[in-house]
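A closer look at the structure
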Amino acid sequence: MLNRLTQQPPDALLALIKLYDADPAPDKIDLGVGVFRTESGATPVFGAIKAAERLLVERQDSKSYLGPEGDMGFVHRLMPYIFGDRHDSPLLGGMQTPGGTGAVRLALALAKRAGVTRVLMGTPSWPNHAQIVADLGLELVAFNHATPDGVADVDALLAALGDAGEGAAVLLHGCCHNPTGVDYTPAEWDRIVAALAAGTVLPIVDLAYQGLGAGMEEDAYGARAVLAAVAEALVAYSCDKNFGLYRDRVGALYWQGEDADSVTRTTSNGYALARAAWSMPPDHGAAAVRLVLEDEALTADWLAELEGMRDRIRSVRQALAAHGTAGSLDLTPYGRQQGMFAMLPLTPAEIAALRADHSIYMAGSGRINIAGLTPGNIDKFTGALAAVTQTVVA
Ligand code: PLP
């Protein structure tokens, strides 16, 4: 039986890490993997998380099973940040998941159980979105997320919503769109939620970078506007970036139902799906987040650290935009986009030349991790961009 399996391509970004590690160039630049980096290239553990982990070691007196819902203290403590004034609405439910990936997976599996057969999604998107949609046997209906001049193609989204018919869900990035960095403005969200309110498409908001765009409140605008406008919606959340917990796999899925009974039934289906998939989520990271959020001083430390990350990302964006152009590339749109990622409109030959001639590593799609740039390497980067876009013929 196993002999029938066909070879799957290796994860391209993981292969890129190996190439980068093997490159002896002292001034090599890693813009591949999507983790935050400080100006010295580190991805440190948050001080607030370290403190919470120490508390956890002291206070935790059992590692007995919790249940498919995970740490509900964690799930509830996050809710004011995500939902604002509506956080204690009886029409909201939620559970812990293994990372944002687990939350997206569970959201789509729940949607499928509820009768969804098609998922509308702006492309390009985080590659795992399409993989999960395909793995669940759902149909992907793609539309352009952004226009070539680097703003959101809201008309394409509205057209997709208008054509959707019954049995459709739409997957929306709450903020810091991966990979384009092109977010909806509040006015654009308002147009989108008006269309959602008028139709039958189930919104699924993927909020994986809250606090890394314009601010914790600002980054929640879209998710909150959607929930205020429609009766039913799902929100997939990740704490892996905004608490720096990547490998600890910390996430949550929330749902809004049209009445209490529907919320109860959605909850039971969420638990059943989790039980069959991973039984229960890993505890450690979520417990650490809960301890941070239960303590005012640790919460203030976390928010200050997050603000530092956000400021660094924004300052790299401003520095790129200040360069104006690099060869044939206009860098100014990157200044008004948000989050850790940007797409460079480079050809495969240009991306290969950046790697071979300048030791600059980025995804084959042209996505760069903004946090891989620093005041010390940004001039080399823009110089290399100018060199490859002037000399390499596509
Ligand atoms: N959603 C988006 C848009 C992402 O970019 C990511 C991670 O890169 C995730 C969800 C999942 O995050 P994680 O599973 O690491 O929490």
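These numbers come from a predicted model, not from an experiment.

Rules and cut-offs
Residues numbered from 1 in each chain as written. Predicted model: local features only at pLDDT ≥ 70, side-chain atom pairs only at ≥ 80, totals over all residues. Heavy atoms only, no water. Buried < 20%, exposed > 50% of the residue type's maximum accessible area, 1.4 Å probe, protein only. Helix = DSSP H or I, 4+ residues; strand = E, 2+ residues; numbered from the N terminus. Arc of directions from axis to C-beta. Contact = heavy atoms within 4.5 Å. Domains from an automatic or database assignment. Buried area = accessible area lost by both parts, 1.4 Å probe. Salt bridge = Lys/Arg side-chain N within 4 Å of Asp/Glu carboxyl O. Polar contact = N/O pair within 3.5 Å; in protein donor to acceptor, adjacent residues only side chain to side chain. Nonpolar A, V, L, I, M, F, W, Y, C, P; charged D, E, K, R; others polar. Near = heavy atom within 4 Å. Areas by Shrake-Rupley, 256 points an atom, 1.4 Å probe, with all protein chains shown as cover. Phe/Tyr/Trp six-rings, centres within 6.5 Å; stacked < 30°, edge-to-face > 60°.

**Quick look at helix α6 (residues 154-163)**
- Those residues of α6 lying buried are Val-154, Ala-156, Leu-157, Ala-160 and Leu-161. One side of α6 holds all its buried residues, which, seen down the axis, span an arc of 160°. Every exposed residue of α6 that faces more than 90 degrees away from the buried side is listed here: Asp-155, Gly-162 and Asp-163.
- Buried-residue contacts for α6 involve β3 (118-123), β4 (139-144), β5 (168-173) and α7 (186-198).

**Here's the deal with the domain arrangement of the protein chain**
- Here the protein chain is described as being made up of domain 1 (11-45 + 298-393) and domain 2 (65-294).
- A C-alpha centroid distance of 27 Å is found between domain 1 and domain 2.
- Each partner contributes residues to the interface: domain 1 has 24 residues there, and domain 2 has 28 residues.
- Summed over both sides, the interface of domain 1 with domain 2 buries roughly 2100 Å², with 59% coming from carbon and sulfur.
- Counting the surface domain 1 buries against domain 2, the share from its top three residues, Trp-302, Arg-310 and Gln-338, is 30%.
- Counting every contact that joins domain 1 to domain 2 gives zero salt bridges.
- Across the contact surface, domain 1 and domain 2 share 12 residue pairs in polar contact (both at pLDDT 80 or more).
- Going through the elements one at a time, α12 (296-322), α13 (333-336) and β11 (341-343) are the ones with two or more residues in the side of domain 1 that touches domain 2.
- With 10 residues, α12 is the single largest residue contributor to the side of domain 1 that touches domain 2.
- For the side of domain 1 that touches domain 2, the residue count by class is 13 nonpolar, six polar and five charged.

**Brief notes about the site of the ligand**
- The environment of the ligand is made up of 13 residues, and the closest members are Thr-101, Asp-206, Ser-238, Asp-240 and Arg-249.
- In this structure, an oxygen atom belonging to the ligand sits 2.7 Å away from a side-chain N or O atom of Tyr-209.
- Here the ligand has 400 Å² of accessible area as a free molecule, and 91% of this is covered by the chains.
- Among the elements that make up the shell around the ligand, the one with the highest residue count is helix α4 (residues 99-113) (three residues).
- Of the residues in the shell around the ligand, the class split is three nonpolar, six polar and four charged.

**As for the packing of aromatic side chains**
- Per the counting criterion, the structure on display carries six aromatic pairs.
- Consider the rings of Phe-83 and Tyr-254, whose centres lie 5.1 Å apart with planes at 80°: the pair is edge-to-face. Separated by 171 residues along the polypeptide, Phe-83 in helix α3 (residues 72-83) and Tyr-254 in strand β8 (residues 250-256) bring together distant segments of the chain. Here Phe-83 and Tyr-254 have matching classes, each one buried.
- Ring centres 5.9 Å apart and planes at 85° place the aromatic pair Tyr-209 and Phe-341 in the edge-to-face group. On the criterion of sequence distance, the pair formed by Tyr-209 in the loop between β6 (202-207) and α8 (216-219) and Phe-341 in strand β11 is long-range, its members being 132 residues apart.

**A look at the side chain of His-177**
- When you line up the elements, His-177 lands in the loop between β5 and α7.
- Polar side-chain contacts of His-177 include one of 2.7 Å to the side chain of Thr-180.
- In contact with His-177, not counting residues within four places along its chain, are Pro-124, Ser-125, His-145, Val-182, Asp-183 and Phe-341.

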